[in-house]
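Letter by letter, the chains look like this.
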Protein chains: 2
Amino acid sequence: MKIVLLSGGSGKRLWPLSNEARSKQFLKMLINEAGEMESMVQRVWRQLEHTGLAEHAVIATGKSQVEMIRGQLDASAQIIVEPERRDTFPAIALLATYLYSIVGISLNEVVAVLPVDPYVEEDFFDAIKNLEGTLQASGADMALIGVRPTYPSEKYGYIVPDADESLSGTLYQKVNHFREKPNEQDATVLIEQDALWNCGVFAFKLDYLINLLIEKGYPIQYEAMLKQYDKLPKISFDYEVVEKAEHIIVTPYAGYWKDLGTWNTLTEEMSVSLIGNGMICEHSTNTHVVNELDMLVTVIGVSNIVVAASPDGILVADKASSPKLKEMLTHVNQRPMYGERRWGSYRVMDYKRSVDGGQEVLTQLVQVKAGQSLSYHLHLNRSECWTIVSGSGEFVFNNQFLTVKAGDVVQIPPGTMHSIRANSNMEWIEIQLGEKLDQEDIVRLFVDWAEIEEHCKLKR
Amino acid sequence: MKIVLLSGGSGKRLWPLSNEARSKQFLKMLINEAGEMESMVQRVWRQLEHTGLAEHAVIATGKSQVEMIRGQLDASAQIIVEPERRDTFPAIALLATYLYSIVGISLNEVVAVLPVDPYVEEDFFDAIKNLEGTLQASGADMALIGVRPTYPSEKYGYIVPDADESLSGTLYQKVNHFREKPNEQDATVLIEQDALWNCGVFAFKLDYLINLLIEKGYPIQYEAMLKQYDKLPKISFDYEVVEKAEHIIVTPYAGYWKDLGTWNTLTEEMSVSLIGNGMICEHSTNTHVVNELDMLVTVIGVSNIVVAASPDGILVADKASSPKLKEMLTHVNQRPMYGERRWGSYRVMDYKRSVDGGQEVLTQLVQVKAGQSLSYHLHLNRSECWTIVSGSGEFVFNNQFLTVKAGDVVQIPPGTMHSIRANSNMEWIEIQLGEKLDQEDIVRLFVDWAEIEEHCKLKR
């Protein structure tokens, strides 16, 4: 059995903590048994490890999340990078060709696909394990997990079983049809009909999907699929495959499950009401503060709200109204002010056009972990000035090596090649100056430190 | 007639916009007739100018506010600096000796004292002008202005007139006694007795106060008073003088008057609900946002609150509960993250100990207005690195002059003398590094640019 985890998300629902570079699944707002903060991705990965599934798992994601995943999970996690973000059907199709033509698993092997961030207990993963046997026993095309509803939610999709089958005594039911986001009244009727919430878990034998790709005229070789990826339709796996399948079964799961996709659902699972620098007065009940800024946040006499602050902005929202956030931010497009990378993280402290209008100025705090290094790169349209504020490292500048430490200042004009390797945990304040600052203005020459060293030795 | 304006205030009631360096009276949150933002100080000064009183006015304040006042008022505003902050009795005593021994006004001249920030219409200042005649006509020791109450407030002090005097037909009444912050029931009774709110305006002939100083054994010469200032009791003028005076009269003022000292009263006078970068959803009624940060503030579905954000912190408060703010911040002591100066302003972007614990790092944006210059100074315990991001100026470094412009970086080790004069509006990002950063770590050699130039020429 193979497990495919889908990691996507644009990140506006948990703004300002989530952004393009840091989707909701990477926010460290949960607390594990050891009392440490962990993200949804880290929680799921830990559960996969406990249930023995991690070694069979592959994560499918876009370029923008790779460094984040590498930073949060252990190095053994296998990642397949989508050439561009399309939707879940192309992502799963790509994965299938990878498993088929690169890993070379049997066409009879069962593949289970799930989102990277369900908030569940470990028995959920036992249920996923059981899908293999259920699929084989039933002879169905596809096996789903359906969550037993606890209230008539209007937010979820419902899986409606065949009316003539009873749940009692069986491990699975035949699926009759699907119903997306019904109103409360319809949801109540659906629940009476034993309908289940669709939690985005589906299992199939590899040959089912490979045959389907052949039928549709798509490549089944990974390299060919990569090249044609931009021609695949932007459509979800649910619409393109699941809802068109002839014989689908669903296994009910009655345990704890939650989609922590909005501030109201997320705060319900937070075991503390305050993360970061803040004060909440005693008369503010059911109020949560998540503050990633250094400054103090004070809440006085306001109940049932969430206050979230990050370098990207400040949110003050009534919990019940918080799902409206995405809609409110429709026209807000800003560059991410915080990001995690393979080597550490950056946090933008200030970004603006200078008063005389000629230049843009961006000031950020960069943190690099001991032993990590940046790529050897250059910028065409900006100069940088780094003031090292802690730690020390080997700085490379146009093929020359130089040890730098706290208090040193390095100036990097446009077009000069540079990199750094941190000897100890390093921090610097970086000021970027240019007519138009753009995150894409980077030419990477080498990524590995060994390569950089070798290149520079040759050039000297 | 002389007008004395008292400018004090610790600034916690309007946190995070107010701080030690920027009391509430300096916040630009009101809009004048020309549609420009103005502060309470600027509004009062404009009203004094319109009513012809500005030329007779002297402002008494502490060292920490002088640069702020110089930056907000025109250069002609006369300022007397208290050697240290004590209370209103020492401040007014100092002013009296200044008027007596330095300005040399007649002992018969009337002095009217008022806070620097009452929110009133211009007829309030006409009432102040009339105090001169009222005081002469009545022969009283002291003449006050009492505001006609509009509701039984528990927040104010009440001036209670003699019961046997009727208001009708007289311009003033004899004061019977004072009553501080009564409960609502008592306030209702007081209002029935024609009591008035004490708005902190009192007028007296100069000889009354000079005689009182002589009686109490305090100096009446300004220089001597300055030297003994630290021995004066920390007590308010109300307690030490007004409430002990024998013959006090009060003139009722029935016009508009308000103390904009807390967020709920201030927001009532704001003609816009949003200042700065923000979005307030349509379902948030009677909610105000004042945002001095560059980042977006979003409010969704929360009514009757104020959200205020500045480099000092973020406040989310129910308006009715906002007066509790000062109490909540009792134990919060932080250095001001924003300040205005004679030459421009600074805004701290980041302030923290570095991760390896050895050093403190402070990053701030400094703005200097065209033609303005810093003092020629040095720091003993910190280095500074300035990255110029806009404008150009003459930088002085150990008696050497150097023209700097956007993109240049200057490094200033501990102990080196430096200054700068801005040729055009300048901005730089300044990184301070030291074991313990302290705003007091500054040795000023010269303040005037002409002096600096002359000194450096001699030394070359």
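Residues numbered from 1 in each chain as written. Chains lettered and ligands numbered in written order. Predicted model: local features only at pLDDT ≥ 70, side-chain atom pairs only at ≥ 80, totals over all residues. Heavy atoms only, no water.

A. Focus on the overall build of chain A. A count of helices and strands for chain A gives 11 helices and 30 strands. When the backbone C-alpha atoms are referred to their principal axes, chain A occupies close to 75 × 60 × 40 Å. Counting the 460 residues in chain A, one finds 56% classified as buried. For chain A, the proportion of contacts with a sequence separation of at least 24, taken over those separated by at least 6, is 67%. Accessible surface computed for chain A: about 18,900 Å², of which carbon and sulfur atoms make up 48%. Within chain A, the 62 negative side-chain charges are centred at a point lying 5 Å from the centre of the 43 positive side-chain charges. (Helix = DSSP H or I, 4+ residues; strand = E, 2+ residues; numbered from the N terminus. Buried < 20%, exposed > 50% of the residue type's maximum accessible area, 1.4 Å probe, protein only. Contact = heavy atoms within 4.5 Å. Areas by Shrake-Rupley, 256 points an atom, 1.4 Å probe, with all protein chains shown as cover. Lys, Arg positive; Asp, Glu negative; His and termini not counted. Charge placed at Lys NZ, Arg CZ, Asp CG, Glu CD.)

B. How the structure looks around the packing of helix H3 (residues 88-103) of chain B against helix H6 (residues 206-216) of chain B. All names here are of chain B. One way to put it is that H3 packs onto H6 with a least axis distance of 10 Å and a crossing angle of 110°. For the element pair H3 / H6, the angle class is roughly perpendicular. Taken as a pair, H3 and H6 cross one another with a handedness that is left-handed. Contacts between H3 and H6 involve Phe89, Ile92, Ala93, Ala96, Thr97, Leu99 and Tyr100 from the first element and Leu206, Leu209, Ile210, Leu212, Leu213 and Lys216 from the second. (Axes fitted to C-alpha atoms, helices over the stretch in contact; angles between N-to-C directions. Parallel < 35°, antiparallel > 145°, perpendicular 65-115°, else oblique. Left-handed = near helix turned anticlockwise from the far one by under 90°.)

C. Layout of the interface of chain A and chain B. Facing 59 residues of chain A, the contacting portion of chain B comprises 59 residues. Between chain A and chain B the total buried area reaches about 4,500 Å² when both faces are included, carbon and sulfur atoms providing 70% of it. Among the residues of chain A in contact with chain B, Ile300(A), Ile314(A) and Met328(A) are the three that bury the most area, contributing 15% of the side total. Inspection of the chain A/chain B interface yields 2 salt bridges. (Buried area = accessible area lost by both parts, 1.4 Å probe. Salt bridge = Lys/Arg side-chain N within 4 Å of Asp/Glu carboxyl O.)

D. Quick look at the sheet that holds strand E19 (residues 313-318) of chain A. Strand order in the open sheet made by the 6 strands is E14(A)-E16(A)-E18(A)-E19(A)-E17(B)-E15(B), with mixed pairing throughout. What marks the edges here is a single partner per strand, and that holds for strand E14 (274-275) of chain A together with strand E15 (278-280) of chain B. Two elements, strand E16 (residues 288-291) of chain A and strand E18 (residues 305-310) of chain A, share 4 bridges in a ladder whose sense is parallel. Considered in E18(A), the bridge of Val290(A) is made with Ala308(A). (Pairing = 2+ DSSP bridges.)

E. Inspection of the state of the cysteines at higher detail. Across all of its chains, the model carries 0 disulfides over all chains by this definition. Cysteine Cys385(A) shares no disulfide, and the gap to the nearest cysteine sulfur, in Cys385(B), comes to 4.7 Å. (Disulfide = S-S within 2.5 Å.)

F. Representation of the pairing of strand E11 (residues 196-205) of chain A. Residue and element names in this part refer to chain A. The element E11 is extensively covered by neighbouring structure, given that 8 of its 10 residues are classed as buried. Bridging between strand E6 (residues 110-115) and E11 involves 4 bridges; their strand directions are antiparallel. If you follow Val110 over to E11, its bridge partner there is Lys205. As defined by bridge partners, strand E8 (residues 142-147) adjoins E11 across 4 bridges and the pair is classed as antiparallel.

G. Geometry of the relation of the copies chain A and chain B. It takes a turn of 180° to lay chain A on chain B, together with a shift of 0.0 Å along the axis; the resulting RMSD is 0.1 Å. Taken together, the rotation angle and the small translation identify this as a two-fold axis. Closest approach to the rotation axis among the C-alpha atoms of chain A is made by Met349(A), whose C-alpha sits 3.2 Å away. By residue overlap, the copies meet face to face through one surface: 100% of the interface positions of chain A are interface positions in chain B. (Least-squares fit on C-alpha atoms with pLDDT ≥ 70 in both.)

H. Quick look at the sheet that holds strand E17 (residues 296-300) of chain A. Strand order across the open sheet formed by 6 strands is E15(A)-E17(A)-E19(B)-E18(B)-E16(B)-E14(B), with mixed pairing between neighbours. On the outer flanks of this sheet lie strand E15 (278-280) of chain A together with strand E14 (274-275) of chain B, each paired with one strand and no other. Summarising the sheet, E17(A) and strand E19 (residues 313-318) of chain B pair through 5 bridges and their orientation is parallel. Note that in E19(B) the partner of Val299(A) across the bridge is Val316(B).

I. Representation of the pattern of salt bridges. The final tally for this structure, using the stated rule, is 38 salt bridges over all chains. Close ionic contact of Glu84(B) with Arg86(B) constitutes a salt bridge, the shortest N to O distance being 3.1 Å. Lys436(B) serves as the salt-bridge partner of Glu360(B), at 3.9 Å between the closest nitrogen and oxygen. Placement of the pair is Glu360(B) in strand E22 (residues 360-368) and Lys436(B) in the loop between strand E29 (426-434) and strand E30 (443-446), with a sequence separation of 76 residues. The exposure class assigned to Glu360(B) is buried, which follows from its relative accessible area of 7%. In this structure Lys436(B) comes out as exposed when scored by relative accessible area, which is 56%. Each of Lys24(A), Asp117(A) and Asp259(A) takes part in salt bridges that share partners, so that together they form one network.

J. Summary view of helix H3 (residues 88-103) of chain A. Residues of H3(A) that are buried include every one of Phe89(A), Pro90(A), Ala91(A), Ile92(A), Ala93(A), Leu94(A), Leu95(A), Ala96(A), Thr97(A), Tyr98(A) and Leu99(A), and no others. Directly beyond the C-terminal end of H3(A), a positive phi value near 75° is found at Gly104(A).

K. Molecular detail of the pairing of strand E29 (residues 426-434) of chain A. All names here are of chain A. Most of E29 sits inside the fold, with 9 of its 9 residues counted as buried. Residues of E29 alternate between two faces, with Met426, Trp428, Glu430, Gln432 and Gly434 on one and Glu427, Ile429, Ile431 and Leu433 on the opposite face, all of them buried. The pairing of strand E22 (residues 360-368) with E29 spans 9 bridges and is classified as antiparallel. Its bridge partner being in E29, Gln367 is matched across the sheet by Glu427. In this sheet, E29 lies alongside strand E24 (residues 383-390) in antiparallel orientation, the contact comprising 7 bridges. When the sheet's bridge partners are listed, Trp386 is paired in E29 with Glu430.

L. Local environment of the packing of aromatic side chains. Residues and elements named next belong to chain A. Applying the stated rule across the entire model yields 30 aromatic pairs over all chains. Ring geometry for Trp197 against Trp257: centres 6.0 Å apart, planes inclined by 50°, an arrangement best described as tilted. Of this pair, Trp197 sits in strand E11 while Trp257 is found in strand E13 (residues 257-258), placing the two residues 60 residues apart along the sequence. Both residues of the pair, Trp197 and Trp257, count as buried. Aromatic pair Trp386 and Phe395: ring centres 5.4 Å apart, planes at 75°, arrangement edge-to-face. A relative accessible area of 2% means that Phe395 is categorised as buried. Within the aromatic cluster, the residues linked to one another by ring pairs are Tyr151, Tyr156, Trp197 and Trp257. Between Arg43 and the ring centre of Tyr119, over which it is positioned, the NZ or CZ distance is 3.9 Å. Of note, Arg335 hangs over the ring of Tyr351, and the distance from its end group to the ring centre comes to 5.3 Å. (Phe/Tyr/Trp six-rings, centres within 6.5 Å; stacked < 30°, edge-to-face > 60°. Lys NZ or Arg CZ within 6 Å of the ring centre and 35° of its normal.)

M. Quick look at the layout of surface pockets. All names here are of chain A. The computed volume of the second largest pocket comes to approximately 1,800 Å³. As for the second largest pocket, its lining consists of 49 residues, and the residues nearest its centre are Arg13, Lys24, Thr88, Pro115 and Asp259. Elements that contribute at least two residues to the lining of the second largest pocket include exactly strand E1 (2-7), H3, E6, strand E9 (157-161), strand E10 (173-180), E11, helix H8 (237-240) and E13. Per element, the largest residue contribution to the lining of the second largest pocket is 4 residues, and it comes from E11. Considering only residue class, the lining of the second largest pocket consists of 16 nonpolar, 16 polar and 17 charged. (1 Å grid on protein atoms, 1.4 Å probe; cavity = no way out; pocket = protein on both sides within 12 Å on 5 of 7 lines; lining within 4 Å. Points joined across faces, edges and corners; volume = space filled by probe spheres on them. Nonpolar A, V, L, I, M, F, W, Y, C, P; charged D, E, K, R; others polar.)

N. Fine view of the environment of Val113(B). Residue and element names in this part refer to chain B. Relative to the assigned elements, Val113 resides in strand E6 (residues 110-115). Distance from Val113 to Ser321, taken between C-alpha atoms, is 31 Å for residues 208 residues apart in sequence. Sequence-distant contacts of Val113, defined by excluding residues within four places in its chain, comprise Val4, Leu6, Ile92, Gly200, Val201, Phe202 and Phe204.

O. Inspection of a nonpolar patch on the surface at higher detail. A cluster of nonpolar side chains, namely Ile31(A), Met37(A) and Val272(A), defines an oily patch on the protein surface of about 200 Å² accessible area. Relative to the elements of secondary structure, Val272(A) occurs in the loop between helix H9 (263-268) and E14. (Patch = residues over 30% accessible without salt bridge, like charges linked within 9 Å, V, L, I, M, F, W, Y side chains within 5 Å.)

P. Highlighting the confidence of the model for chain A. Of the residues in chain A, 97% reach a pLDDT of 70 or more, and the chain-wide mean stands at 91. This complex was scored by the predictor with a pTM of 0.84 and an ipTM of 0.83. (pLDDT = per-residue confidence, 0-100.)

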